[in-house]
Amino acid sequence: MDAKKEAVAVVLAAGKGTRMKTELPKVAVPLNGKPLLNHVIDHLKEAGINDIVIVVGYKKEEVQALCEGIPGIRFAEQKEQLGTAHAVLSAEEFVKSHKGPILVACGDVPMITGDTFGSLLSTHVQNGFSATLLSAKVDIPTGYGRIVRNSSGEVTAIVEEKDADAEQKKINEINTGTYVFSSEILFESLRKIGNSNAQGEYYLPDLVELYKKEGKKLGAVILKNSGESQGVNSPADLENLAAVLNGAVAQ
(Lines give C-alpha, C1' and ligand atoms only; values in the text may rest on other atoms or scores of the structure.)
Protein backbone atom coordinates (compact mmCIF):
# COMPACT_ATOMS: atom_id res chain seq x y z
CA MET A 1 0.00 0.00 0.00
CA ASP A 2 1.18 3.49 -0.81
CA ALA A 3 0.62 5.14 2.58
CA LYS A 4 0.50 8.63 1.09
CA LYS A 5 -2.05 7.89 -1.63
CA GLU A 6 -4.21 5.92 0.82
CA ALA A 7 -4.10 8.64 3.49
CA VAL A 8 -6.64 11.31 4.26
CA ALA A 9 -5.56 14.45 6.16
CA VAL A 10 -7.65 16.25 8.77
CA VAL A 11 -6.39 19.80 9.29
CA LEU A 12 -7.43 21.61 12.48
CA ALA A 13 -8.30 25.18 11.50
CA ALA A 14 -11.21 26.23 13.71
CA GLY A 15 -9.42 28.47 16.24
CA LYS A 16 -9.65 32.19 16.74
CA GLY A 17 -6.03 32.94 17.67
CA THR A 18 -6.74 35.63 20.25
CA ARG A 19 -3.05 36.33 20.92
CA MET A 20 -2.42 37.22 17.27
CA LYS A 21 -4.09 40.62 17.84
CA THR A 22 -6.03 40.40 14.59
CA GLU A 23 -9.64 39.86 13.59
CA LEU A 24 -8.56 37.29 11.01
CA PRO A 25 -9.04 33.59 11.74
CA LYS A 26 -5.65 32.39 12.98
CA VAL A 27 -4.98 30.14 9.98
CA ALA A 28 -5.68 33.04 7.59
CA VAL A 29 -2.82 35.14 9.01
CA PRO A 30 -0.24 35.56 6.23
CA LEU A 31 3.31 34.27 6.50
CA ASN A 32 5.45 35.65 3.68
CA GLY A 33 2.34 36.59 1.76
CA LYS A 34 0.65 33.19 2.04
CA PRO A 35 -1.94 32.26 4.72
CA LEU A 36 -0.66 29.79 7.33
CA LEU A 37 -3.26 27.22 6.26
CA ASN A 38 -2.09 27.30 2.65
CA HIS A 39 1.48 26.51 3.68
CA VAL A 40 0.12 23.39 5.42
CA ILE A 41 -2.04 22.37 2.45
CA ASP A 42 0.90 22.79 0.05
CA HIS A 43 3.11 20.55 2.21
CA LEU A 44 0.39 17.88 2.47
CA LYS A 45 0.03 17.90 -1.32
CA GLU A 46 3.83 17.62 -1.64
CA ALA A 47 3.56 14.48 0.49
CA GLY A 48 1.12 13.04 -2.05
CA ILE A 49 -2.00 13.48 0.13
CA ASN A 50 -4.85 14.66 -2.05
CA ASP A 51 -7.83 14.08 0.22
CA ILE A 52 -7.89 16.86 2.81
CA VAL A 53 -10.67 17.65 5.31
CA ILE A 54 -10.34 21.05 6.96
CA VAL A 55 -12.08 21.54 10.30
CA VAL A 56 -13.43 25.10 10.37
CA GLY A 57 -15.11 27.11 13.12
CA TYR A 58 -14.31 30.76 13.77
CA LYS A 59 -15.14 32.88 10.68
CA LYS A 60 -15.47 29.69 8.66
CA GLU A 61 -16.37 31.49 5.42
CA GLU A 62 -13.03 33.32 5.46
CA VAL A 63 -11.15 30.05 5.96
CA GLN A 64 -13.12 28.31 3.22
CA ALA A 65 -12.34 31.20 0.85
CA LEU A 66 -8.60 30.52 1.29
CA CYS A 67 -9.08 27.11 -0.34
CA GLU A 68 -11.10 28.16 -3.38
CA GLY A 69 -9.96 26.34 -6.48
CA ILE A 70 -7.80 23.82 -4.62
CA PRO A 71 -8.88 20.26 -5.56
CA GLY A 72 -9.50 17.55 -2.96
CA ILE A 73 -10.58 19.85 -0.12
CA ARG A 74 -13.68 19.31 2.01
CA PHE A 75 -14.83 21.17 5.11
CA ALA A 76 -16.12 19.92 8.47
CA GLU A 77 -17.48 22.36 11.03
CA GLN A 78 -16.60 22.39 14.72
CA LYS A 79 -19.49 24.44 16.09
CA GLU A 80 -17.94 24.83 19.57
CA GLN A 81 -14.20 24.82 20.21
CA LEU A 82 -14.02 22.07 22.84
CA GLY A 83 -10.49 20.83 22.16
CA THR A 84 -8.51 18.92 19.56
CA ALA A 85 -10.17 15.51 20.11
CA HIS A 86 -13.55 17.16 19.63
CA ALA A 87 -12.23 18.85 16.46
CA VAL A 88 -11.25 15.50 14.91
CA LEU A 89 -14.65 14.04 15.89
CA SER A 90 -16.23 16.92 13.94
CA ALA A 91 -14.69 15.43 10.77
CA GLU A 92 -16.10 11.94 11.41
CA GLU A 93 -18.85 12.01 8.77
CA PHE A 94 -16.26 12.80 6.08
CA VAL A 95 -13.73 10.11 6.97
CA LYS A 96 -15.55 7.37 8.92
CA SER A 97 -15.71 5.06 5.89
CA HIS A 98 -12.01 5.67 5.11
CA LYS A 99 -9.90 2.52 5.43
CA GLY A 100 -6.36 3.98 5.22
CA PRO A 101 -4.38 6.09 7.69
CA ILE A 102 -5.72 9.44 8.93
CA LEU A 103 -3.10 12.16 9.31
CA VAL A 104 -4.02 15.00 11.70
CA ALA A 105 -2.20 18.31 11.16
CA CYS A 106 -2.51 21.80 12.64
CA GLY A 107 -3.43 24.67 10.36
CA ASP A 108 -1.17 27.04 12.33
CA VAL A 109 2.03 24.93 12.09
CA PRO A 110 3.26 25.91 8.62
CA MET A 111 6.82 24.55 8.53
CA ILE A 112 6.31 20.77 8.60
CA THR A 113 7.52 19.62 5.20
CA GLY A 114 6.04 17.17 2.74
CA ASP A 115 8.99 14.85 3.42
CA THR A 116 8.20 14.83 7.14
CA PHE A 117 4.50 14.10 6.58
CA GLY A 118 5.51 11.31 4.19
CA SER A 119 7.95 9.67 6.58
CA LEU A 120 5.44 9.86 9.45
CA LEU A 121 2.88 8.02 7.29
CA SER A 122 5.39 5.40 6.14
CA THR A 123 6.56 4.74 9.71
CA HIS A 124 2.97 4.30 10.84
CA VAL A 125 1.99 1.86 8.10
CA GLN A 126 5.22 -0.18 8.00
CA ASN A 127 5.14 -0.82 11.75
CA GLY A 128 1.41 -1.45 12.10
CA PHE A 129 0.99 1.27 14.73
CA SER A 130 -2.46 2.33 15.97
CA ALA A 131 -1.13 5.87 16.49
CA THR A 132 2.12 7.54 15.48
CA LEU A 133 3.00 10.99 16.74
CA LEU A 134 5.48 13.54 15.52
CA SER A 135 7.67 14.96 18.29
CA ALA A 136 10.58 17.39 18.49
CA LYS A 137 13.43 17.98 20.92
CA VAL A 138 13.71 21.68 21.73
CA ASP A 139 15.78 23.87 24.05
CA ILE A 140 12.77 25.68 25.53
CA PRO A 141 9.77 23.34 25.80
CA THR A 142 7.59 25.82 27.73
CA GLY A 143 4.02 25.96 26.47
CA TYR A 144 4.07 22.60 24.70
CA GLY A 145 2.76 19.17 25.67
CA ARG A 146 5.58 16.89 26.88
CA ILE A 147 6.23 13.39 25.58
CA VAL A 148 6.47 10.97 28.51
CA ARG A 149 8.42 7.75 27.86
CA ASN A 150 9.05 4.71 30.03
CA SER A 151 12.46 3.19 30.82
CA SER A 152 12.31 1.24 27.52
CA GLY A 153 11.84 4.47 25.58
CA GLU A 154 8.22 3.76 24.67
CA VAL A 155 5.77 6.66 24.63
CA THR A 156 3.32 6.31 27.51
CA ALA A 157 1.58 9.69 27.55
CA ILE A 158 1.53 13.28 26.37
CA VAL A 159 1.06 15.75 29.21
CA GLU A 160 -0.11 19.30 28.48
CA GLU A 161 1.92 22.14 30.03
CA LYS A 162 -1.01 23.19 32.25
CA ASP A 163 -1.34 19.66 33.61
CA ALA A 164 2.39 18.83 33.90
CA ASP A 165 4.16 18.46 37.25
CA ALA A 166 7.61 19.94 37.97
CA GLU A 167 9.49 16.83 36.71
CA GLN A 168 7.44 16.55 33.52
CA LYS A 169 8.08 20.23 32.75
CA LYS A 170 11.81 19.43 32.53
CA ILE A 171 11.20 17.07 29.58
CA ASN A 172 12.44 18.67 26.36
CA GLU A 173 10.67 16.33 23.90
CA ILE A 174 7.47 18.04 22.83
CA ASN A 175 4.30 17.15 20.96
CA THR A 176 3.96 18.91 17.59
CA GLY A 177 0.20 18.26 17.41
CA THR A 178 0.75 16.12 14.30
CA TYR A 179 -0.32 12.47 14.30
CA VAL A 180 -1.25 9.52 12.13
CA PHE A 181 -4.04 7.24 13.34
CA SER A 182 -5.40 3.96 12.00
CA SER A 183 -8.96 4.68 10.98
CA GLU A 184 -10.58 1.44 12.25
CA ILE A 185 -10.70 2.38 15.94
CA LEU A 186 -10.15 6.14 15.90
CA PHE A 187 -13.67 7.51 16.34
CA GLU A 188 -14.82 4.85 18.78
CA SER A 189 -11.70 5.68 20.88
CA LEU A 190 -12.21 9.45 20.67
CA ARG A 191 -15.59 9.01 22.34
CA LYS A 192 -13.86 7.51 25.40
CA ILE A 193 -11.80 10.64 26.08
CA GLY A 194 -12.81 12.75 29.09
CA ASN A 195 -12.25 16.43 29.80
CA SER A 196 -11.02 16.42 33.40
CA ASN A 197 -8.08 18.77 32.83
CA ALA A 198 -7.19 22.40 33.51
CA GLN A 199 -8.97 23.61 30.34
CA GLY A 200 -12.05 21.37 30.54
CA GLU A 201 -11.39 20.33 26.93
CA TYR A 202 -11.19 17.03 25.05
CA TYR A 203 -7.50 16.63 24.18
CA LEU A 204 -6.29 14.50 21.28
CA PRO A 205 -3.05 13.68 23.20
CA ASP A 206 -5.18 11.79 25.76
CA LEU A 207 -5.80 9.21 23.04
CA VAL A 208 -2.14 8.19 23.31
CA GLU A 209 -2.52 7.32 26.99
CA LEU A 210 -5.79 5.49 26.29
CA TYR A 211 -4.17 3.42 23.52
CA LYS A 212 -1.25 2.61 25.83
CA LYS A 213 -3.63 1.33 28.52
CA GLU A 214 -5.44 -0.79 25.92
CA GLY A 215 -2.16 -2.33 24.75
CA LYS A 216 -2.24 -0.76 21.28
CA LYS A 217 1.00 -0.27 19.34
CA LEU A 218 2.24 3.33 19.48
CA GLY A 219 5.00 4.97 17.48
CA ALA A 220 6.82 8.28 17.53
CA VAL A 221 8.97 10.03 14.96
CA ILE A 222 11.34 12.71 16.29
CA LEU A 223 11.78 15.58 13.84
CA LYS A 224 15.25 15.77 12.31
CA ASN A 225 14.84 19.54 12.15
CA SER A 226 13.05 20.68 15.31
CA GLY A 227 12.42 24.07 13.69
CA GLU A 228 9.62 22.49 11.68
CA SER A 229 7.62 22.12 14.90
CA GLN A 230 7.23 25.87 15.36
CA GLY A 231 3.63 26.96 15.43
CA VAL A 232 2.29 30.49 15.34
CA ASN A 233 0.77 31.71 18.61
CA SER A 234 1.86 35.34 18.62
CA PRO A 235 3.03 38.12 16.29
CA ALA A 236 6.60 37.38 17.51
CA ASP A 237 6.29 33.75 16.34
CA LEU A 238 5.16 34.98 12.93
CA GLU A 239 8.10 37.37 12.69
CA ASN A 240 10.52 34.61 13.64
CA LEU A 241 9.20 32.19 11.00
CA ALA A 242 9.26 34.91 8.34
CA ALA A 243 12.94 35.49 9.17
CA VAL A 244 13.59 31.72 8.86
CA LEU A 245 11.88 31.55 5.46
CA ASN A 246 13.78 34.59 4.26
CA GLY A 247 17.08 33.03 5.30
CA ALA A 248 17.76 35.73 7.88
CA VAL A 249 18.08 33.19 10.71
CA ALA A 250 18.85 29.49 10.81
CA GLN A 251 15.94 27.19 11.53
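Use the structure listed above.
Anyway, here's the lowdown on the structure attached to this text. Please read all numbers here as calculations on a predicted model, not as lab measurements.

### A word on the packing of aromatic side chains
Phase 1 of the analysis: Tallied over the entire structure, the rule returns 1 aromatic pair.
Phase 2 of the analysis: Measuring from centroid to centroid gives 5.4 Å for Y179 and F181, while their planes differ by 20 degrees, and the two rings are stacked. For the residue pair Y179 and F181, the accessibility class agrees, reading buried in each case.

### Regarding helix α8 (residues 183-190)
Phase 1 of the analysis: Among the residues of α8, those classed as buried are S183, L186, F187, S189 and L190. Down the axis of α8, the buried set is contained in an arc of 165 degrees. They therefore lie on one face.
Phase 2 of the analysis: The inward-facing, buried residues of α8 abut α4 (84-90), α5 (92-95), β6 (101-106), β10 (173-182) and α9 (206-213).

### Details of helix α6 (residues 114-127)
Residue pairs three or four apart in sequence face the same way in an α-helix, which turns once every 3.6 residues.
Phase 1 of the analysis: Taking 1.5 Å of rise per residue, the 14 residues of α6 would be expected to cover 20 Å, and the 20 Å separating its terminal C-alpha atoms lies within 8% of that figure.
Phase 2 of the analysis: Turning to α6, its buried residues number three or more, namely G114, T116, F117, G118, L120, L121 and H124.

### A look at the pattern of salt bridges
Phase 1 of the analysis: By the definition in use, this model includes 13 salt bridges.
Phase 2 of the analysis: Taking the shortest distance from any N to any O, the salt bridge between R146 and E161 comes out at 2.7 Å. Of this pair, R146 sits in strand β8 (residues 146-149) while E161 sits in the loop between β9 (155-159) and α7 (166-169), and the two are 15 residues apart along the sequence. Summarising the burial analysis for this pair, R146 and E161 share the class buried.
Phase 3 of the analysis: Measuring nitrogen to oxygen at the nearest pair gives 3.0 Å for the salt bridge that ties E214 to K216.
Phase 4 of the analysis: You can call K216 partly exposed: its relative accessible area is 26%.
Phase 5 of the analysis: Each of E23, K59 and E62 takes part in one network of salt bridges that share partners.

### Section: the environment of A136
Phase 1 of the analysis: Position of A136 relative to the elements: it lies in strand β7 (residues 131-137).
Phase 2 of the analysis: Overall, A136 belongs to the buried group, its relative accessible area being 0%.
Phase 3 of the analysis: With 93 residues separating them along the chain, A136 and S229 place their C-alpha atoms 6.6 Å apart.
Phase 4 of the analysis: Each residue touching A136, except ones within four places of it in the same chain, is listed here: N172, E173, I174, T176, I222, L223, S226 and S229.

### Describing the environment of D51
Phase 1 of the analysis: Structurally, D51 can be placed in the loop between α2 (36-46) and β4 (52-56).
Phase 2 of the analysis: A relative accessible area of 28% places D51 in the partly exposed class.
Phase 3 of the analysis: Separated by 182 residues in the primary sequence, D51 and N233 place their C-alpha atoms 27 Å from one another.
Phase 4 of the analysis: What D51 contacts, discounting residues up to four positions off in sequence, is A7, V8, A9, G72 and R74.
Phase 5 of the analysis: Among the polar contacts listed, one links the side chain of D51 to the side chain of R74, at a separation of 2.9 Å.

### Concerning the nonpolar core
Phase 1 of the analysis: Grouped together as the largest cluster of nonpolar side chains are 32 residues, with contacts concentrated most on L37, L44, I49, I52, I54 and L103.
Phase 2 of the analysis: Broken down by secondary-structure element, the contributors of at least two residues to this core are β1 (8-13), α2, β4, β6, α6, β7 and β10.
Phase 3 of the analysis: Counting residues per element, this core draws most heavily on α2, at 4 residues.
Phase 4 of the analysis: Those residues in contact with I54 that sit more than four places away from it in its chain are V11, A13, L37, I41, V63, C67, I73, R74, F75 and A76.

Conventions used here
Residues numbered from 1 in each chain as written. Predicted model: local features only at pLDDT ≥ 70, side-chain atom pairs only at ≥ 80, totals over all residues. Heavy atoms only, no water. Phe/Tyr/Trp six-rings, centres within 6.5 Å; stacked < 30°, edge-to-face > 60°. Buried < 20%, exposed > 50% of the residue type's maximum accessible area, 1.4 Å probe, protein only. Helix = DSSP H or I, 4+ residues; strand = E, 2+ residues; numbered from the N terminus. Arc of directions from axis to C-beta. Contact = heavy atoms within 4.5 Å. Expected span 1.5 Å × (residues − 1). Salt bridge = Lys/Arg side-chain N within 4 Å of Asp/Glu carboxyl O. Polar contact = N/O pair within 3.5 Å; in protein donor to acceptor, adjacent residues only side chain to side chain. Core = buried A, V, L, I, M, F, W, Y, C linked by side-chain atoms within 4.5 Å.

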